[in-house]
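So you can see what is in the structure, the chains are spelled out below.
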Amino acid sequence: MAMDAKDLAEGLFRILETGDAALAHEVVGPDNHNREAAVSPAACSTPGPAGTLASGAWLRSAFSDLRFPVLGIARNDDQVWIRLRMQGRHTGAFVRFRDGVLDQAIPPTGREVDFEQVHLLDLRDGKVVRHEALRDDMTMLGQLGVFPPSPTVALRMVAWKVSGRAKRAADEVTKLAAEAAGQARG
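These lines cover the structure that appears in this document, whether it is placed above or below. Given the structure is predicted, the values throughout are model-derived calculations rather than measurements.

### Quick look at the pattern of salt bridges
The full count for this structure, using the stated rule, is 14 salt bridges. In this structure, D103 engages R98 in a salt bridge whose closest nitrogen and oxygen atoms are separated by 3.7 Å. Overall, the relative accessible area of 34% leaves D103 in the partly exposed class. The exposed category is assigned to R98, whose relative accessible area is 54%. Here R135 and D137 are joined by a salt bridge, their closest N and O atoms 3.0 Å apart. What makes D137 buried here is its relative accessible area of 18%.

What follows is the structure, encoded as structure tokens:
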């Protein structure tokens, strides 16, 4: 039975929470484009289910107990707007990239994150084929102590960069994302 627009939207975020490859194939079109993958490991930019699975692995590597409670959904025949919260505990390095290169690595803080996002999903042939988002990243960075910078977090970020831990964290999350993307083919 085909999923309706609401089911597709909710399914996309279940994939990010769980890494469910079978659900990724059911929900995500083979040509899906994730505009938000620009700050993620390269595998997250892969079209289709592979990129979605990679994105989930990247997020789960940084945030344990990752969840996306839905606050509201609006839809028409070929688009869904979903308002939700991203919640979890920052227990792994949160690594952000720019042009495929390490931009920032935030060492684990153990802090909870809970902030709003709005996502726009384009649908075609009963699948998600495009994703873009409006996220409250400033709130998330504030909850992690990065903006405005807390002295403790700022010093840890500098120490991670100087010691090479940031690069190792970027290499590890890049590997995890690539392995997750490989699940879509396997």
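### Overview of helix α6 (residues 165-185)
Structural remark: α-helix, 3.6 residues per turn; residues separated by three or four positions point the same way. Taking 1.5 Å per residue as the helical rise, α6 with its 21 residues ought to reach 30 Å, and the 31 Å between its terminal C-alpha atoms agrees with that figure. Every buried residue of α6 is accounted for by A166, A169, A170, V173, A177, A180, A181 and A184. All buried residues of α6 lie within an arc of 105 degrees about the axis, which places them on one face of the element. Close packing links the buried residues of α6 with α2 (21-27), α3 (49-62), β5 (94-98), β6 (101-106) and α5 (151-163).

### What to know about the environment of G92
Structurally, G92 is set in the loop between β4 (79-90) and β5. Given a relative accessible area of 9%, G92 falls into the buried group. Spatially, the C-alpha atom of G92 lies 8.4 Å from that of R60, the residues being 32 residues apart in sequence. Setting aside residues up to four positions removed in sequence, G92 forms contacts with S61, A62, I106 and P108.

### As for unusual backbone geometry
Cis peptide bonds are those with omega within 30 degrees of zero, and the linkage from F147 to P148 qualifies with -10 degrees. Tracing the sequence through the fold places P148 in the loop between α4 (137-143) and α5. Its identity as a non-glycine residue notwithstanding, D99 has a phi of 55 degrees, on the positive side. Relative to the helices and strands, D99 resides in the loop between β5 and β6. Positive phi, normally seen in glycine, also occurs at D125, with a value near 55 degrees. Turning to its location among the elements, D125 is positioned in the loop between β7 (112-124) and β8 (127-135). Accessibility expressed as a relative area gives 74% for D125, which makes it exposed.

### Observations concerning the packing of helix α1 (residues 5-18) against α3
It is the contact of α1 with α3, at a shortest axis distance of 7 Å, that shows an interaxial angle of 50 degrees. Considering their axes alone, α1 and α3 lie oblique with respect to each other. Along this stretch, α1 crosses α3, giving a crossing that reads as right-handed. Of the residues in α3, those touching α1 at L12, I15, L16, E17 and T18 are T52, L53, S55, G56 and R60. Taken together, the residues that form the contact of α1 with α3 break down as four nonpolar, four polar and two charged.

Thresholds, definitions, all that
Residues numbered from 1 in each chain as written. Predicted model: local features only at pLDDT ≥ 70, side-chain atom pairs only at ≥ 80, totals over all residues. Heavy atoms only, no water. Salt bridge = Lys/Arg side-chain N within 4 Å of Asp/Glu carboxyl O. Buried < 20%, exposed > 50% of the residue type's maximum accessible area, 1.4 Å probe, protein only. Helix = DSSP H or I, 4+ residues; strand = E, 2+ residues; numbered from the N terminus. Expected span 1.5 Å × (residues − 1). Arc of directions from axis to C-beta. Contact = heavy atoms within 4.5 Å. Axes fitted to C-alpha atoms, helices over the stretch in contact; angles between N-to-C directions. Parallel < 35°, antiparallel > 145°, perpendicular 65-115°, else oblique. Left-handed = near helix turned anticlockwise from the far one by under 90°. Nonpolar A, V, L, I, M, F, W, Y, C, P; charged D, E, K, R; others polar.

Everything listed is a geometric property; what it means functionally is a separate question.
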